[in-house]
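So you can see what is in the structure, the chains are spelled out below.
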Amino acid sequence: MSIPPYAELLGICVEPGEDAPTLVMPFAMDVVGRPGFLHGGAIGGLLEMAAVAALEQALAADGGGRFKPIGLTVDYMRGGRDKPTRARGTVTRLGTRVANVEAVAWQDDADKPIAKARTNYLIVR
């Protein structure tokens, strides 16, 4: 996966995985909202990048294609603290024209997410 400029701005790096890559965003002053907490926009950006990474991997395995987002919903569940944040996307449907992807962000425990996202993409093959 190539990192887009926005992901570079957030300091996101990729931990390759079998199902989908795990993205890691370090805590830094660039992603702070209120003191000691992540900004919601940074969390949303991380979730979007995780969804994109999962979809890129799924499309590559399915013959390729381009895509553009047509919908994104983020549910914030708990405050992101001053530590690295991880996120991973899961393609729940890969059709011929539309893909649905879910993404989850967590800090210490993947079973205790800080946010989740549902995204929809229009696919051109």
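Provided above is the structure to which this section pertains.
Let me begin by describing the structure that accompanies this report. Worth saying up front: this structure is predicted, and the values here are computed from it rather than measured.

## Re the sheet that holds strand β4 (residues 85–94)
Logical step 1: Taken in spatial order, the six strands of this open sheet run β1-β2-β4-β5-β6-β3, and their pairing is antiparallel. Pairing within the sheet leaves two strands with one partner each, and these edge strands are β1 (13–15) and β3 (66–76). On average, each strand axis in the sheet is inclined to that of its neighbour by 25°, with strand direction left out of account.
Logical step 2: Where strand β5 (residues 98–106) lies against strand β6 (residues 115–124), eight bridges are found, and the strand directions are antiparallel. From the neighbouring strand, Ala-99 faces β6, where its bridge partner is Tyr-121.
Logical step 3: Packed on one face of the sheet, helix α2 (residues 40–61) meets β2 (22–25), β3, β4, β5 and β6 and runs near 45° to β4.

## With respect to the side chain of Gln-107
Logical step 1: With respect to the element layout, Gln-107 can be found in the loop between β5 and β6.
Logical step 2: From its side chain, Gln-107 meets the backbone nitrogen of Arg-81 in a polar contact 3.0 Å long.
Logical step 3: At 3.4 Å, the side chain of Gln-107 and the backbone oxygen of Lys-83 are in polar contact.
Logical step 4: Residue contacts for Gln-107: discarding those within four places in its chain leaves Leu-38, Gly-79, Gly-80, Arg-81, Lys-83, Pro-84, Thr-85 and Ile-114.

## Re the nonpolar core
Logical step 1: If you look at the biggest cluster of nonpolar residues, it comprises 29 residues, and the most contacted ones within it are Ile-12, Met-25, Leu-47 and Tyr-121.
Logical step 2: Elements supplying a minimum of two residues to this core: α1 (5–10), β2, α2, β5 and β6.
Logical step 3: Beyond its immediate sequence surroundings of up to four residues, Met-25 is in contact with Leu-10, Ile-12, Val-31, Leu-38, Ala-42, Leu-46, Pro-84 and Thr-85.

## Focus on α2
Logical step 1: Taking 1.5 Å as the rise per residue, α2 with 22 residues should run 32 Å; its terminal C-alpha atoms sit 32 Å apart, in good agreement.
Logical step 2: Trailing α2 by a residue or two, Gly-63 shows a phi angle of about 100°, which is positive.

## Looking at the packing of aromatic side chains
Logical step 1: Per the counting criterion, the structure on display carries one aromatic pair.
Logical step 2: A centroid spacing of 5.4 Å and a plane angle of 85° characterise the contact between Phe-67 and Tyr-121, whose relative ring orientation is edge-to-face. Within this pair, whereas Phe-67 is found in strand β3, its partner Tyr-121 is found in strand β6, the two being separated by 54 residues in sequence.
Logical step 3: In this structure Tyr-121 comes out as buried when scored by relative accessible area, which is 2%.
Logical step 4: Seen from the ring of Phe-37, Arg-34 lies directly overhead, with NZ or CZ sitting 3.8 Å from the centre.

Calculation criteria
- Residues numbered from 1 in each chain as written.
- Predicted model: local features only at pLDDT ≥ 70, side-chain atom pairs only at ≥ 80, totals over all residues.
- Heavy atoms only, no water.
- Pairing = 2+ DSSP bridges.
- Helix = DSSP H or I, 4+ residues; strand = E, 2+ residues; numbered from the N terminus.
- Axes fitted to C-alpha atoms, helices over the stretch in contact; angles between N-to-C directions.
- Contact = heavy atoms within 4.5 Å.
- Polar contact = N/O pair within 3.5 Å; in protein donor to acceptor, adjacent residues only side chain to side chain.
- Core = buried A, V, L, I, M, F, W, Y, C linked by side-chain atoms within 4.5 Å.
- Buried < 20%, exposed > 50% of the residue type's maximum accessible area, 1.4 Å probe, protein only.
- Expected span 1.5 Å × (residues − 1).
- Phe/Tyr/Trp six-rings, centres within 6.5 Å; stacked < 30°, edge-to-face > 60°.
- Lys NZ or Arg CZ within 6 Å of the ring centre and 35° of its normal.

Scope: geometric values only; no functional claims are made or implied.
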